[in-house]
Amino acid sequence: DQQVKQNSPSLSVQEGRISILNCDYTNSMFDYFLWYKKYPAEGPTFLISISSIKDKNEDGRFTVFLNKSAKHLSLHIVPSQPGDSAVYFCAAILTGGGNKLTFGTGTQLKVEL
Amino acid sequence: EPEVTQTPSHQVTQMGQEVILRCVPISNHLYFYWYRQILGQKVEFLVSFYNNEISEKSEIFDDQFSVERPDGSNFTLKIRSTKLEDSAMYFCASSDVYREAFFGQGTRLTVV
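Each value, and the rule that gives it
One numbering rule holds for all chains: residues counted from 1, following each sequence as written. The lettering of chains begins at A and the numbering of ligands begins at 1, in the order of writing. For a predicted model such as this one, the threshold for reporting local features is a pLDDT of at least 70, and the threshold for listing and counting side-chain atom pairs is 80 or more; totals across whole chains, interfaces and linings nevertheless cover every residue. Here the side-chain values reflect all heavy atoms present in the structure, with hydrogen atoms and water set aside. One side-chain nitrogen of Lys or Arg within 4 Å of one carboxyl oxygen of Asp or Glu is enough to make a salt bridge. Each residue is placed in one exposure class: buried if its accessible area under a 1.4 Å probe, protein chains only, is under 20% of its type's maximum, exposed if it is over 50%, and partly exposed if it falls in between. By definition, any uninterrupted DSSP run of H or I lasting at least four residues is a helix, any uninterrupted run of E lasting at least two residues is a strand, and each is numbered from the N terminus. Contacts are residue-level and defined by heavy atoms, with any inter-residue pair within 4.5 Å sufficient. Note on terms: buried area is the combined drop in 1.4 Å-probe accessible area of two parts once they are placed together, counting the loss on both. Each polar contact in these results corresponds to two N or O atoms within 3.5 Å; when the atoms are within protein, one needs to be able to donate a hydrogen and the other to accept it, and residues that are neighboring in sequence are counted only if both atoms are side-chain atoms. Side-chain classes are defined by residue name, with Ala, Val, Leu, Ile, Met, Phe, Trp, Tyr, Cys and Pro counting as nonpolar, Asp, Glu, Lys and Arg as charged, and the others, Gly among them, as polar.

Caption draft 1: Seen up close, the pattern of salt bridges. Residue and element names in this part refer to chain A. In total, this model carries five salt bridges over all chains according to the counting rule given. Across the pair Glu-58 and Lys-56 runs a salt bridge whose closest N-O atoms are separated by 3.8 Å. Judged by relative accessible area, which is 52%, Glu-58 ranks as exposed. Judged by relative accessible area, which is 42%, Lys-56 ranks as partly exposed. Measuring nitrogen to oxygen at the nearest pair gives 2.8 Å for the salt bridge that ties Asp-84 to Arg-61. With Asp-84 in the loop between β8 (72–77) and β9 (86–93) and Arg-61 in the loop between β6 (56–59) and β7 (62–67), this pair connects stretches of sequence that are 23 residues apart. Take Asp-84: its relative accessible area is 2%, and that puts it in the buried class. Judged by its relative accessible area of 22%, Arg-61 falls in the partly exposed class.

Caption draft 2: Summary view of the interface of chain A and chain B. Taken residue by residue, the interface counts 22 residues in chain A and 20 residues in chain B. Both faces considered, chain A and chain B share a buried interface measuring about 1,800 Å² in area, 58% of it formed by carbon and sulfur atoms. Contact with chain B buries area across many residues of chain A, yet Asn-99, Lys-100 and Phe-103 of chain A alone supply 27% of it, more than any other trio. Along the contact surface separating chain A from chain B lie one salt bridge. Counting the contacts that link chain A with chain B gives three residue pairs in polar contact (both at pLDDT 80 or more). Mapped by element, the contributors of at least two residues to the side of chain A that touches chain B are β4 (32–38), β5 (45–51) and β10 (101–103) of chain A. If you tally residues by element for the side of chain A that touches chain B, the top one is β4 of chain A, at four residues. When the residues that make up the side of chain A that touches chain B are grouped by side-chain class, the tally is nine nonpolar, ten polar and three charged.

If you want it as structure tokens, here you go:
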């Protein structure tokens, strides 16, 4: 039962260009969404989040867009840097349900010089 | 910057043995969680803990698993009789109410 899906297992982008990572969800009750970055053998690191009452949230080079009608969110990284190379997970929360995170399968981003 | 700390970083145990994974959450957080990631798979929710009791658990969190907050700072996950398929990275996390969860570095559990 994959309620949160990331259909691209990998993405390769040139340094300085935009990286766009996509995520789809099926449960319309989700009301808070997050992006995490993960390096091998480390825990996920929180990047940026968005409430379902918004359609955009920006933090420096990172912007998250939410399209509720399409049940789709995306993470834009501009400009991409080699240090951004990692696995990116989107996650969703149904607040009031224990605040558990439901994770997507992850997208491996590689930023090339 | 406050962080979630986990010990040990790597635990090797024989099948059938009990293991206890330890975590120190961020001190002013109210929610505590355990997640796991089997190699090559996604991060999966195990259990959440709030106000000294389990608030939600997944189907993975069966009778072999238990959690405890034995004092004001530690949060533990116990696996009573480990199986080969319990081998995974186990992550502890904590959060304020309705806010993002912060994760520890993880404990790699290897069951042989």
